[in-house]
Amino acid sequence: MTSELTFLIPEIVLFVLTCIILLVDTIGSSEDKSFIYWLSQSTLIVTVVLLVFLCPDSTTHAMSMNFVSDPMGAILKIFICAYTSVVFFYSYDYLKEHELIRGEYFVLGLFAVLGMMVMVSAYSLLTIYLGLELLSLSLYAMVAMNRDSQSATEAAMKYFVLGALASGMLLYGISMLYGVSGAIDLASLSAYISQQTGNNILLIFGLVFVVVGIAFKLGAVPFHMWVPDVYQGAPTSVTLFIGSAPKIAAFGMAIRLLVDGMEGLVDSWQGMLIILAVLSMAAGNIIAISQTNIKRMLAYSTIAHIGFLLLGIISGSQSGYAGSMFYVLTYALMSMGAFGMVILLGRKGYEADTLDDFKGLAVRSPWFAFIMLILMFSMAGVPPLVGFWGKWFVIKEIIAMGHISLAAIAVLFSVIGAYYYLRIVKLMYFDKADQMTAIKAGQGMRFVLSINGLALLALGFMPGMLMALCLGAFA
Amino acid sequence: MFENMENIYLAIVIAPLLGSVIAGLFGRVIGRAGAHWVTIIGVGVSSILSMVAFKYIVFDGGEEFNQTIYTWLSIGNLDINVGFLVDRLSVTMMVVVTFVSWMIHIYTIGYMHDDPGYQRFFSYISLFTFAMLMLVMSNNFMQLFFGWEGVGLVSYLLIGFWYKKDTAIFANLKAFLVNRVGDFGFLLGIAGVLLYFGSLDYVDVFSRTAAVEGQTIQILSGHDWSVMTVICICLFIGAMGKSAQVPLHVWLPDSMEGPTPISALIHAATMVTAGIFMVSRMSPLFELSETALSFILVIGAITALFMGLLGLVQNDIKRVIAYSTLSQLGYMTVALGASAYAAAMFHLVTHAFFKALLFLAAGSVIIGMHHEQDMRKMGGLYKYMPITWFTSLVGSLALIGFPGTSGFYSKDAIIEALHHSHLPGSGFAYFAVVAGVFITALYSFRLFFMTFHGKERMDKHTWDHLHESPKVVTVPLTILAIPSVILGAFMIGPVLFQGYFGDAIVVSGAHDVLTEIGKSYHGVWGFTLHAFKAAPVYLALAGVLTAWLLYIKFPHVPAIFADKLGFLHKLLLEKYYLDKFNQAFFAGGTRKIGQMFWNIGDVRIIDGFFVNGTALTVRWFSGIIRTLQSGYLYDYAFAMIIGLLLLLAVFVHHLF
């Protein structure tokens, strides 16, 4: 029993440290939250170090089959923590500037990270649900953090109600699966399914509800309605957070449920995911065109990217899952950079969240116009940026599985999608700026954001290492 | 003598390129003098080394050089190489090209003295020298094509050198487009070579002729064509473009819009002879197709005769010389058709010198006349420009083939060769070249008399400033005058009859006309004396006499002729209406078709329907479906429930 606990050390340490930060924040009355911020960053760093240190090279189950320790989980968790650390970095200035700085942002963020880590490493239906709820509840609160903002509270409310509905559906599906199979851990569920010869209606019923739960969390059409409203309504620092690490966790959850738990039903969930993927790519890319708010545009762009992400899972092969993993890891990096740009351009009492704010950026700041150019080109999938490789990877996999028409649809919609990414580039380089105010952000922010953008370029030239890592996770 | 000729050959090619790059990119830094020094030294080095190589190969009997220097790329089994083949044929061309180019570099200092594009001009002509050397020194078809296009490009740049002049821009575009037609044929020919010989290397290709000779190809179904004929005619079409043979000659007269030094260098002495050189180089191929040779013969004859006629009615001094160039290129082409490749090369060499001389002399006149080119406003210049007058006389005599001059030997050799040829079309060709002699003499001395003798017709202002050109102009004239006179007598024996070109030129026994003439050849003196027993010399003298009568003795007569023979005069003035036809049919037709495709294909179908149409549709659709995002919570929940039901319906339903 004690030895099993070693697998959970990162989670336990994170939990304990987060509780301590919560206490420190409550006891200390200082208005200056920099101490809390640095404690949170240290916590994330410690967790990352522990994760790297304890990184397993084989699969082990622990805690009565409620927990799994495997390479995929470890890699996902490392990226979740690392990305969250960057998110905190971007957020800190933003929160100070907009007078939203509270200890709760970091504490809730860390609890969300804990929830994500549980989701990724859970091995029973209930643990997955537990992690999901921990993440969701933290996010609801974070969206609502700016109590005085009408749009933020409205977004939080919508997110909460719809989230509850989706959780209900997921739980309903889980109960059905349990009712049919009598199994609560994924290994037994998988074993039960593999013994089934004919079609089991109740199993499919349960599967549909579980898929709905996953789709909501990912934001796939038609369970995406919350995404644009929340992205736009929430403070940009929260949108930035929602847009990055939780996507990775949702991917982890999808792999646990669909692959680890129900790979036997692959034919059924493949079909469902194809519908969701096509709808997501279509709706996301097309609606994004008519947006004028960049946060909202990026929300629809997220939906479209989720469609692509699903393609890899649809292919139903180990390398396909690896493709999806590559996609989600790189997409989160792009998304972080894009929202980072929105934060960079904003200033006290002013959110630079309309497309017009990007007009003439090439004159105001050639360097950051270039970084934004990299981000947009990468999202559109232009070589040699890493976004191209992500798309290439998943499309290659579905073609290998024979879904040619699906690949054609994906390519078609990514062409349509290129329009609104390139429009940003056009605004930056060919239009005249409405305002010529200098960019205020500090050196640190400029530096990290530059690294973030250049990382896409570097990964584009050398995608091999990350690809090998992803393929290794599913070997 | 030399351990490593490879380095010398490399230096010959690279020196002018280096000069060009320095003058072109750093012209502003090194200044005007810097630009002419760097290019003149570059081409001078190249020229002297070429002479060294010439001595090594021709006089010392040194080894020929055939090596790949650098592999540019490999596709499958095909290697595309940069390599040199330096034998007697190419080394001769190298000396001519670099020497004439060198003289013209020097001359340019005087001619372009006040031009704002001074450095640019030097950069271009050095670049031309580089490209021309790549062309003649190549050992494979691909590099040949590179040089071919390279000289074409520089020709384009130089014709349009005064890019603010509308006529210059028109002329360079025309030259470029007409050459495109020729190059298309040339490229097809190269493709044919690659297809049937499986190699682009000269030596490989020539060694495989036996295997390809008998093969046929069906271009139109049902008609078998000999592969050799098709390939040779395609290659020759390339030569027709570059060497301005009818009907692809139309660009050359217009190219006179460029500065005079390049008219001399590119459009008389070197580039336009690239086609002649190329056919000579490919003699092992052309020898295998009598059809192609006949075709060449007829095209050359038409060019030699009819282009000469046009020279009779021109009044622009440079244009007269341009038509004379066309006519002389026709002579060379005729010689190729008669399998007298050596005679063609011989005429090429002598022509390079005396035609460069004539052009530079014309340039000297133009300088003296303050850039006036109309001969009707000249006359009596011999008093003011004695050196120019004398060198012009020498050049003109060489051009008409006055006994003893270079042109006499080379032209007479061609006429004799045709006399002995039995190919279809040789009868017509013989008539054309003999008649051409009279016409050549007539237009040459028309020019000479109108310019240097008779009444002084220039205005007062010009007359006040008339003077001989500076040394940088007259020295090259003098230097070029020497080979124009004496070179022929030295060359005729070895080149035509003593196997000067060695293995570089292959002539099959059946049409080896030169050997036949050689049987009755007993030295230069005999050849010269023999000429007085044949028609051409008297025709030439008759031409000179006619010119004297018409333009000095009775200067009012030409107008009467023009009036009486109005139709003929008009036909010549309009250049057989070929320009008008091209302009209306090809240029106009292409533009109309283009306009149509643009209107229908581009504007309506591609832009209108596909590009803007889809974009508008998508945007419209986007605007519609964004309204689904109503902002109401119950709508969102409803959408989720619908989604759930959809999945249930699809996946649970089909189980029943």
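Each remark here, short or long, concerns the structure printed above.
Our subject in this report is the structure included herewith. (Residues numbered from 1 in each chain as written. Chains lettered and ligands numbered in written order. Predicted model: local features only at pLDDT ≥ 70, side-chain atom pairs only at ≥ 80, totals over all residues. Heavy atoms only, no water.)

1. Let's talk about the overall build of chain B
Helix and strand counts for chain B stand at 28 helices and four strands. Relative to its 656 residues, chain B shows a buried fraction of 56%. Total accessible area computed for chain B in this model is approximately 27200 Å², and 69% of it derives from carbon and sulfur atoms. (Helix = DSSP H or I, 4+ residues; strand = E, 2+ residues; numbered from the N terminus. Buried < 20%, exposed > 50% of the residue type's maximum accessible area, 1.4 Å probe, protein only. Areas by Shrake-Rupley, 256 points an atom, 1.4 Å probe, with all protein chains shown as cover.)

2. Points about the interface of chain A and chain B
On the side of chain B, 25 residues touch chain A, which itself brings 35 residues to the contact. Where chain A abuts chain B, roughly 2800 Å² becomes buried across the two surfaces, and 82% of that area is made up of carbon and sulfur atoms. The interface formed by chain A and chain B includes seven residue pairs in polar contact (both at pLDDT 80 or more). If one sorts the elements of the side of chain A that touches chain B by residue count, helix H9 (residues 201–218) of chain A sits on top with eight residues. In terms of residue class, the side of chain A that touches chain B is made up of 25 nonpolar, six polar and four charged. (Contact = heavy atoms within 4.5 Å. Buried area = accessible area lost by both parts, 1.4 Å probe. Polar contact = N/O pair within 3.5 Å; in protein donor to acceptor, adjacent residues only side chain to side chain. Nonpolar A, V, L, I, M, F, W, Y, C, P; charged D, E, K, R; others polar.)

3. Remarks on unusual backbone geometry
The omega torsion across A:Pro383 and A:Pro384 is 5°, close enough to zero to call that bond cis. Structurally, the position occupied by A:Pro384 is in the loop between helix H17 (366–380) and helix H18 (386–400). The peptide bond linking B:Val246 to B:Pro247 adopts the cis configuration, its omega dihedral lying at 0°. Within the secondary structure, B:Pro247 sits in the loop between helix H9 (227–242) and helix H10 (251–254). You will see that B:Ser339, though not glycine, has its phi angle at about 65°, which is positive. Residue placement: B:Ser339 occurs in the loop between helix H15 (317–337) and helix H16 (341–368). Exposure remark for B:Ser339: the relative accessible area of 1% places this residue in the buried category.

4. Points about the side chain of B:Asp87
All names here are of chain B. Within the element layout of this structure, Asp-87 appears in the loop between strand S2 (78–86) and helix H3 (88–111). Judged by relative accessible area, which is 3%, Asp-87 ranks as buried. A distance of 2.9 Å separates polar atoms of two side chains, one belonging to Asp-87 and the other to Arg-281. Every residue in contact with Asp-87, bar those within four places of it in the chain, is listed here: Ile-57, Glu-64, Arg-281 and Ala-504.

5. Observations regarding the side chain of B:Gln119
Residues and elements named next belong to chain B. Within the element layout of this structure, Gln-119 appears in helix H4 (residues 118–137). Classification of Gln-119 as buried rests on a relative accessible area of 15%. Ignoring any residue separated from it by four or fewer positions in sequence, one finds Gln-119 in contact with Ala-23, Gly-27, Gly-31, Arg-32 and Ala-35.

6. A few points about the pairing of strand S1 (residues 65–75) of chain B
All names here are of chain B. With nine bridges connecting them, S1 and S2 associate as antiparallel partners. By the bridge assignment for S2, Ile-75 is matched with Leu-78. The turn joining S1 and S2, which pair antiparallel and follow one another in sequence, is formed by two residues; a positive phi near 55° is taken by Gly-76. (Pairing = 2+ DSSP bridges.)

7. Some remarks on empty space enclosed by the protein
Residues and elements named next belong to chain A. The final tally for this structure, using the stated rule, is ten cavities of 30 Å³ or more. Reported here for the largest cavity is a volume of approximately 70 Å³. In terms of lining residues, the largest cavity is bounded by 15 residues, among which Asn-285, His-305, Met-379, Lys-391 and Tyr-421 are the most central. Only helix H14 (294–314), H17 and helix H19 (404–430) provide two or more residues apiece to the lining of the largest cavity. By residue number, the principal contributor to the lining of the largest cavity is H19, which donates six residues. The class makeup of the residues in the lining of the largest cavity is nine nonpolar, five polar and one charged. (1 Å grid on protein atoms, 1.4 Å probe; cavity = no way out; pocket = protein on both sides within 12 Å on 5 of 7 lines; lining within 4 Å. Points joined across faces, edges and corners; volume = space filled by probe spheres on them.)

8. Brief notes about the nonpolar core
Among the nonpolar cores identified, the biggest contains 204 residues, and B:Tyr9, B:Met137, B:Phe141, B:Phe286 and B:Leu496 are the most heavily contacted of them. The element best represented in this core is H16(B), accounting for 20 residues. If sequence neighbours within four positions are ignored, B:Met137 has contacts with B:Tyr9, B:Ile12, B:Val13, B:Gly83, B:Phe84, B:Leu85, B:Val86 and B:Met94. Of all hydrophobic cores here, the second largest spans 200 residues; its members include A:Val68, A:Ile242, A:Tyr331 and A:Leu361. (Core = buried A, V, L, I, M, F, W, Y, C linked by side-chain atoms within 4.5 Å.)

9. Here we look at the environment of A:Gly179
By secondary structure assignment, the location of A:Gly179 is in helix H7 (residues 150–181). Along the primary structure A:Gly179 and A:Gly206 are separated by 27 residues, whereas in three dimensions their C-alpha atoms are 9.5 Å apart.

10. Some details on the pattern of salt bridges
Tallying each qualifying case throughout the model produces 26 salt bridges over all chains. Here A:Asp229 ties to A:Arg296 by a salt bridge, and the two come within 3.3 Å at their closest N and O atoms. Of the two residues, A:Asp229 is situated in helix H10 (residues 226–233) and A:Arg296 in helix H14; the sequence distance between them amounts to 67 residues. Here the two residues A:Asp229 and A:Arg296 agree in accessibility, since each one is buried. Residue B:Glu372 is joined to B:Lys377 by a salt bridge in which the shortest nitrogen-to-oxygen separation is 3.9 Å. Assessed through its relative accessible area of 42%, B:Lys377 is described here as partly exposed. One salt-bridge network, in which partners are shared between bridges, spans B:Lys165, B:Lys174, B:Asp254, B:Glu257, B:Arg319, B:Lys575 and B:Asp579. (Salt bridge = Lys/Arg side-chain N within 4 Å of Asp/Glu carboxyl O.)

11. Side note on the layout of surface pockets
Residue and element names in this part refer to chain B. Its boundaries defined by the atoms lining it, the largest pocket holds a volume of some 770 Å³. Lining the largest pocket are 29 residues, and of these Leu-312, Arg-446, Tyr-551, Pro-558 and Phe-561 lie nearest its centre. When residues of the lining of the largest pocket are traced back to their parent elements, those giving at least two are helix H19 (426–452), helix H24 (535–553), helix H25 (557–564) and helix H26 (566–573). Sort the elements by how many residues they give to the lining of the largest pocket and H19 lands first, with six residues. Along the lines of polarity and charge, the residues of the lining of the largest pocket split into 20 nonpolar, five polar and four charged.

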